[in-house]
Amino acid sequence: MLLTTILNQCYRFKGFVYVQAKFVRHLGQQAIEVRVRPRMRSRALCSGCGVRCAGYDHLPERRFEFIPLWGFPVFLVYARRRVDCAGCGIVAEEIPWAEGKHHLTKAYMLLLSRWARKLSWREVSRAYHTSWEQVYHAVEWVVQWGLEHRSLEGIKAIGVDEIQYSKGHKYLTLVYQIDAGQVRLLWTGRERTMKTFSQFFDLLGQERSLQIDFVCSDMWKPYLRVIRERCSQALHILDRFHIVAKMNDALNKVRAQVSMPTVIDVVMFRLFDGSWRLT
Ligand SMILES: [Zn+2]
């Protein structure tokens, strides 16, 4: 079976054909090059506006790294056309397997970024004999695509939390969507101030903020204030950990005032050993 036949089965593009696959030397090792050319009489897409245009000339051949096969690096080789577009002038054509300045194909970037969710970026780069930077660029591309195409409509429940990073008091604010059918990280911001958390509601916009029914947070005052100002219609749920902490504080105060240890100690013990759960 020919490699081009396999590629035509799994990675076929309208208007382009795989011509030939062959072994070449690449960085001291064997690699596979697959040449691509435009289909006869097919017109190129303008990368500026996406309209099919008359050809102008060809740019030099470029290699686009594809998913490695049986340990061999694989490259698609293509001389991009330039088009003469009425709206955009003379610009390079759009190619479906790669984007902009990236020299990794979209298929390879997707593969790397999928593994980067399960393994460290360093491990992914070692497994695929590529650099950490390539994995980073792949993840960056996928994240950028995701941000451009995500929908912020219909969010009914959000949770806000902070994490500490680095040394000293450095925090990030994290906002999650926590609807029954969809849980995802929506936004991160530096610090845990009112200004930080307000930026999330700026992004979401007033209309969508007012459609939120539930907000879950800890008792960090700046968050509480922002929720009150920007999302006052929502039912505000304080998370269990902080309720227990506050209750312990209160119980300690009571214990200091009144000498009634037995009942309170039982309650405390049950809470800590988990046989009672606050839900
Ligand atoms: Zn155009």
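I will try to describe carefully the structure that is included in this document.

Here is what the cut-offs are and how they apply
- Residues numbered from 1 in each chain as written.
- Predicted model: local features only at pLDDT ≥ 70, side-chain atom pairs only at ≥ 80, totals over all residues.
- Heavy atoms only, no water.
- Donors = N, O, S within 2.8 Å, 3.2 Å for Na, K, Ca; no water.
- Tetrahedral: all angles 85-135°; square planar, octahedral: opposite > 155°, others 65-115°.
- Patch = residues over 30% accessible without salt bridge, like charges linked within 9 Å, V, L, I, M, F, W, Y side chains within 5 Å.
- Areas by Shrake-Rupley, 256 points an atom, 1.4 Å probe, with all protein chains shown as cover.
- Salt bridge = Lys/Arg side-chain N within 4 Å of Asp/Glu carboxyl O.
- Lys, Arg positive; Asp, Glu negative; His and termini not counted.
- Charge placed at Lys NZ, Arg CZ, Asp CG, Glu CD.
- Helix = DSSP H or I, 4+ residues; strand = E, 2+ residues; numbered from the N terminus.
- Buried < 20%, exposed > 50% of the residue type's maximum accessible area, 1.4 Å probe, protein only.
- Axes fitted to C-alpha atoms, helices over the stretch in contact; angles between N-to-C directions.
- Left-handed = near helix turned anticlockwise from the far one by under 90°.
- Contact = heavy atoms within 4.5 Å.
- Nonpolar A, V, L, I, M, F, W, Y, C, P; charged D, E, K, R; others polar.
- Phe/Tyr/Trp six-rings, centres within 6.5 Å; stacked < 30°, edge-to-face > 60°.
- Lys NZ or Arg CZ within 6 Å of the ring centre and 35° of its normal.

## Digging into the coordination of the zinc ion
Six octahedral donors around a metal ideally make angles of 90 or 180 degrees; four tetrahedral donors ideally make 109.5 degrees.
Working step 1: Only Cys 46 (SG), Cys 49 (SG), Cys 85 (SG) and Cys 88 (SG) from the protein reach the zinc ion as donors, at distances of 2.2 to 2.4 Å.
Working step 2: Geometry at the zinc ion is tetrahedral, judged from its four donor atoms and the angles of 102 to 114 degrees they form at the metal.
Working step 3: Mapping the donors of the zinc ion onto the primary sequence gives the spacing C-x2-C-x35-C-x2-C.

## Digging into a positive patch on the surface
Working step 1: Judged by side-chain charge, Lys 221, Arg 225, Arg 228, Lys 246 and Lys 253 come together as a positively charged surface patch.
Working step 2: At the level of secondary structure, the elements contributing two or more residues to the positive patch comprise α7 (221-230) and α8 (240-257).
Working step 3: For the positive patch, the leading source of residues is α7, giving three residues.
Working step 4: Of the residues examined, Lys 221 reaches a relative accessible area of 55% and is grouped as exposed.

## A closer look at the packing of helix α5 (residues 194-204) against α7
Working step 1: Here α5 crosses α7 at 35 degrees, and the two axes come no closer than 9 Å. Of the two elements, α5 crosses α7, and the hand of that crossing is right-handed. Contacts between α5 and α7 involve Met 194, Phe 197, Ser 198, Phe 201 and Asp 202 from the former and Pro 222, Tyr 223, Arg 225, Val 226, Ile 227, Glu 229 and Arg 230 from the latter.
Working step 2: The class makeup of the residues in the contact of α5 with α7 is seven nonpolar, one polar and four charged.

## Comments concerning the packing of aromatic side chains
Working step 1: Within this structure, the stated rule accounts for 17 aromatic pairs.
Working step 2: Summarising the aromatic geometry, the rings of Trp 132 and Tyr 136 are spaced 5.6 Å apart at their centres and angled 15 degrees between planes, so their arrangement reads as stacked. With Trp 132 and Tyr 136 both in helix α4 (residues 132-149), this residue pair falls four residues apart, about one helical turn.
Working step 3: The exposure class of Trp 132 is partly exposed, given its relative accessible area of 31%.
Working step 4: In this structure an aromatic cluster arises from ring pairing among Tyr 11, Phe 13, Phe 16, Phe 64, Phe 66, Tyr 78 and Trp 97.
Working step 5: Stacked on the ring of Phe 75, the Lys or Arg Arg 63 has its end atom at 4.4 Å from the ring centre.
Working step 6: Across from the ring centre of Trp 220, 3.7 Å away, lies the NZ or CZ of Arg 192, which sits over that ring.

## Some thoughts on the pattern of salt bridges
Working step 1: Evaluated as defined, the whole model comprises eight salt bridges.
Working step 2: Arg 82 is the salt-bridge partner of Asp 57, the closest N and O atoms lying 2.9 Å from each other. Taken as a pair, Asp 57 in strand β4 (residues 52-69) and Arg 82 in strand β5 (residues 72-85) lie far apart in primary sequence, 25 residues in all.
Working step 3: Judged by relative accessible area, which is 26%, Arg 82 ranks as partly exposed.
Working step 4: Across the pair Asp 202 and Arg 230 runs a salt bridge whose closest N-O atoms are separated by 2.8 Å. Residue Asp 202 is found in helix α5, and its partner Arg 230 is found in helix α7; the two are separated by 28 residues along the sequence.
Working step 5: Since its relative accessible area comes to 27%, Arg 230 is described here as partly exposed.
Working step 6: Each member of the salt-bridge network shares a partner with another, and the members are Glu 33, Arg 35, Glu 61 and Arg 63.

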